[in-house]
Amino acid sequence: MSTLLDELRTAVGDGAVLVDADVTESYRRDMMPLAPHGAPLAVVLPRSASEVQAVVRACAAAGVPIVPRGAGSGLSGAANAIEGCVVLAMTRMNEIVEVDPDNRLAVVQPGVVNLDLRGAVEKHGLFYPPDPSSYDWCTIGGNLSTNAGGLCCVKYGVTTDSVLGLEVVLADGELLKTGRRTVKGVAGYDLTKLFVGSEGTLGVITQATLALRPLPQAPGTMVAAFSAVETAGEAVSRIVREGIVPSLMEIMDATSIAAVEEHLKTELGAGKGCAALLICQSDSGGEAARQELRAIEQVCEDVGADLVHSTFDLAEGQMLLAARRAVLTALEVYGAWMTDDVCVPRTRIADLIAACERIAEEVKLRVAVVGHAGDGNMHPTIVYDPASEDEFARANVAFNDILAAGLALGGTVTGEHGIGKIKRDWLEKEVGPIAMRTHRAIKAALDPGNLFNPGSMFSMPSASGAWLGDH
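Section: the pattern of salt bridges
Applying the stated criterion across every chain, the model contains 17 salt bridges. In this structure, arginine 394 and aspartate 390 form a salt bridge, with 2.8 Å as the shortest nitrogen-oxygen distance. Of this pair, arginine 394 and aspartate 390 both sit in helix 14 (residues 389-408), 4 residues apart, which is roughly one turn of that helix. Residue arginine 394 is classed as partly exposed on the basis of its relative accessible area of 22%. One salt-bridge network, held together by shared partners, links Glu98, Asp100 and Arg181.

Quick notes on the environment of lysine 272
Mapped onto the fold, lysine 272 is located in the loop between helix 9 (254-264) and strand 14 (276-282). Between the alpha carbons of lysine 272 and alanine 254 there is a distance of 9.9 Å; along the sequence they are 18 residues apart.

Considerations on helix 1 (residues 2-12)
Looking at helix 1, one finds that the buried residues are Leu4, Leu5, Leu8 and Val12. For helix 1, the buried positions fall inside an angular range of 100° around the axis, keeping them on one side. Summarising the geometry of helix 1, the exposed residues directed more than 90 degrees from the buried face are Ser2, Thr3 and Thr10. Where the residues of helix 1 are buried, they touch strand 1 (17-18), strand 2 (42-44), helix 3 (49-62) and strand 4 (86-89). Phi turns positive, to about 100°, at glycine 13, one or two residues after helix 1.

Topic: the pairing of strand 8 (residues 163-169)
Within strand 8, 7 of the 7 residues are buried, which leaves the element mostly enclosed by the surrounding structure. Two elements, strand 8 and strand 10 (residues 204-211), share 6 bridges in a ladder whose sense is antiparallel. Note on strand 10: the bridge partner recorded for valine 163 is leucine 210. Two strands pair when backbone bridges link them, and strand 8 and strand 9 (residues 175-179) are joined in this way by 5 bridges, in the antiparallel orientation. Looking at the pairing, leucine 166 lines up with threonine 178 of strand 9. Remark: 5 residues form the turn of the hairpin made by strand 8 and strand 9, two consecutive strands paired antiparallel; glycine 173 in that turn has positive phi of roughly 90°.

A word on the packing of aromatic side chains
Inspection of every chain in the model, using the stated rule, returns 2 aromatic pairs. For the ring pair tyrosine 384 and phenylalanine 392, a centre distance of 5.7 Å and an interplane angle of 65° mean the geometry is edge-to-face. By relative accessible area, which is 5% here, tyrosine 384 ends up buried. Phenylalanine 392 sits in the partly exposed class, given a relative accessible area of 29%. Its end group placed over the ring of phenylalanine 312, arginine 290 keeps NZ or CZ at 4.2 Å from the ring centre. Above the plane of the ring of tyrosine 334 lies arginine 366, whose end atom (NZ or CZ) is 3.6 Å from the centre.

A word on helix 8 (residues 229-241)
Across its 13 residues, helix 8 extends 18 Å between first and last C-alpha, which sits within 8% of the 18 Å expected from 1.5 Å per residue. Of the positions making up helix 8, those classed as buried are Val229, Thr231, Ala232, Gly233, Ala235, Val236, Ser237 and Ile239. Where the residues of helix 8 are buried, they touch strand 12 (220-226), strand 13 (248-253), strand 14, helix 10 (286-303) and helix 13 (349-363). In the segment just after helix 8, glycine 243 is the residue with positive phi, at about 80°.

Notes on the layout of surface pockets
The calculated volume of the largest pocket comes to roughly 1,000 Å³. Along the walls of the largest pocket sit 50 residues, with Ser73, Gly74, Leu75, Ser134 and Cys138 positioned nearest its centre. Breaking the lining of the largest pocket down by element, the ones donating at least two residues are strand 3 (66-69), helix 5 (140-146), strand 10, helix 11 (314-325), helix 12 (327-331), strand 16 (336-339), strand 18 (366-372) and strand 19 (377-384). Here the lining of the largest pocket takes 5 residues from helix 5, the largest share from any one element. Considered class by class, the residues forming the lining of the largest pocket number 19 nonpolar, 23 polar and 8 charged. The volume enclosed by the second largest pocket comes to roughly 730 Å³. Every residue lining the second largest pocket is counted, 32 residues in all, and those nearest its centre are Arg118, Phe127, Pro219, Gln281 and Leu321. Of all the elements in the fold, those that place two or more residues in the lining of the second largest pocket are helix 4 (114-122), strand 7 (126-127), strand 12 and helix 11. No other element matches the 6 residues that helix 11 contributes to the lining of the second largest pocket.

Description of the nonpolar core
In this structure, Phe226, Ile251, Leu278, Cys300 and Ile382 are the most contacted members of the largest nonpolar core, which totals 59 residues. Looking at which element gives the most residues to this core, the answer is helix 13, with 9 residues. If we ignore the near neighbours within four places in the chain, the residues touching isoleucine 382 are Ala336, Trp337, Met338, Leu365, Arg366, Val367, Ala395, Ala398, Phe399 and Ile402. Val12, Val56, Cys59 and Phe452 belong to the second-largest nonpolar core, a separate cluster that totals 34 residues.

Considerations on the pairing of strand 6 (residues 105-108)
Side chains Leu105 and Val107 of strand 6 all project onto a buried face; the interleaved residues Ala106 and Val108 project onto the opposite face, where all are buried too. The sheet contact formed by strand 5 (residues 96-100) and strand 6 spans 4 bridges and is antiparallel. Each residue of the ladder has a partner; that of isoleucine 96, found in strand 6, is valine 108. Counted along the chain from strand 5 to the antiparallel partner strand 6, the turn is 4 residues long, and its residue arginine 104 has a positive phi close to 50°. Here 4 bridges tie strand 6 to strand 10, and the two strands are oriented antiparallel to one another. From the neighbouring strand, valine 107 faces strand 10, where its bridge partner is threonine 209.

Here's the deal with the environment of alanine 106
Tracing the backbone shows alanine 106 in strand 6. Taking the C-alpha atoms as reference, alanine 106 lies 8.0 Å from valine 121; in sequence the two are 15 residues apart.

Considerations on the sheet that holds strand 4
One open sheet holds the 4 strands; their spatial order is 1-2-4-3, and the pairing between them is mixed. For this open sheet the edge positions go to strand 1 and strand 3, each flanked by a neighbour on one side alone. The sheet contact formed by strand 2 and strand 4 spans 3 bridges and is parallel. Paired with valine 44 across the bridge in strand 4 is leucine 88.

Each value, and the rule that gives it
Residues numbered from 1 in each chain as written. Predicted model: local features only at pLDDT ≥ 70, side-chain atom pairs only at ≥ 80, totals over all residues. Heavy atoms only, no water. Salt bridge = Lys/Arg side-chain N within 4 Å of Asp/Glu carboxyl O. Helix = DSSP H or I, 4+ residues; strand = E, 2+ residues; numbered from the N terminus. Buried < 20%, exposed > 50% of the residue type's maximum accessible area, 1.4 Å probe, protein only. Arc of directions from axis to C-beta. Contact = heavy atoms within 4.5 Å. Pairing = 2+ DSSP bridges. Phe/Tyr/Trp six-rings, centres within 6.5 Å; stacked < 30°, edge-to-face > 60°. Lys NZ or Arg CZ within 6 Å of the ring centre and 35° of its normal. Expected span 1.5 Å × (residues − 1). 1 Å grid on protein atoms, 1.4 Å probe; cavity = no way out; pocket = protein on both sides within 12 Å on 5 of 7 lines; lining within 4 Å. Points joined across faces, edges and corners; volume = space filled by probe spheres on them. Nonpolar A, V, L, I, M, F, W, Y, C, P; charged D, E, K, R; others polar. Core = buried A, V, L, I, M, F, W, Y, C linked by side-chain atoms within 4.5 Å.

Okay, structure coming up:
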């Protein structure tokens, strides 16, 4: 492998090829402790598309797999290293190439941090909607690879809904340009959407053209407390049925509420016996926002909420939203956590929370449920003692039981985190053999040597019939 390392150093410079095991250790896995990971041969940090092309060609010639990686905020192991691979860390490609206010678009490299892009376009009175909970450190490239979502999906959609075009380095080292800069365009297959959410298995994204929106108004915030999860679920269903589209609609269960109140040393106003808290925002501005929140308040009151409160005070609204974003940090007091990512029909949210309560009792572990009620994407989070092999094993059981519960309720095993290396078996259970055959045909056509991220999402058969990628 010394020849390959020399070629990589020639391509990107000595300082951009990391081989020290103490340094590369932090590049081995993302935030999902269950997902398998190996030791990379090297971590390479390119600064341009041409450097990525050179790296891809060198690795392809040497038969060494490439695992593209962003900031490591992922929760499915999609960017986890496999033994002997080259991890292609894209964080140095962090330039905002262009902001075009007149056409409401931005052109960015994959290493740009989500929040940095938001701040840059806000100066032009514009808004980049996708907002994963890790938006202050996750990168656009990682968001693209997993088709990340966030708290604002109910109104603005997921990452793919804001992508106009891409530049992607293919397995032969060629640079593919997909999509457009225009608002409309239907020429040929939609290759842009093919690569968004492909988890680095089809190519390496080196640039993205992103659609922007006018900067929304300062949000008004409403919180409603319910003594029964079923009542909160009914409120969500009615809000959707009545055609109300808030900019945000989040739900927290009793376990999440208790953890956050302990962590922040404050009360959220839910009161004793609160089983679920619904947090909604409207960014429509002025009287439109007031009407929207009043309509949501009325629904919550009609179904029997114990408390309903609205505010247009920005500090108070930010405090309530900060409480929602603080759930995972709050749970660390009790131990390590692994967060699941199931999406169910919005009418089945209460059923999923009830299933998680049952699973928590069965495995004797704490399971907290928070999620994006507006689109049914829930994040049951299992807390365990990482020093206990028994608790780790029980957490693994709970993780998979939650996925099974989500599918049984007519849902999907991932709403925004991706399949990665942790849910490969579940992908086939959800989509079936014909869809898997189609997935493998696309992968074989674009990456015949199984160069990119082998073993993520699914395995590939070799010419001998053996399965590749089971690292």
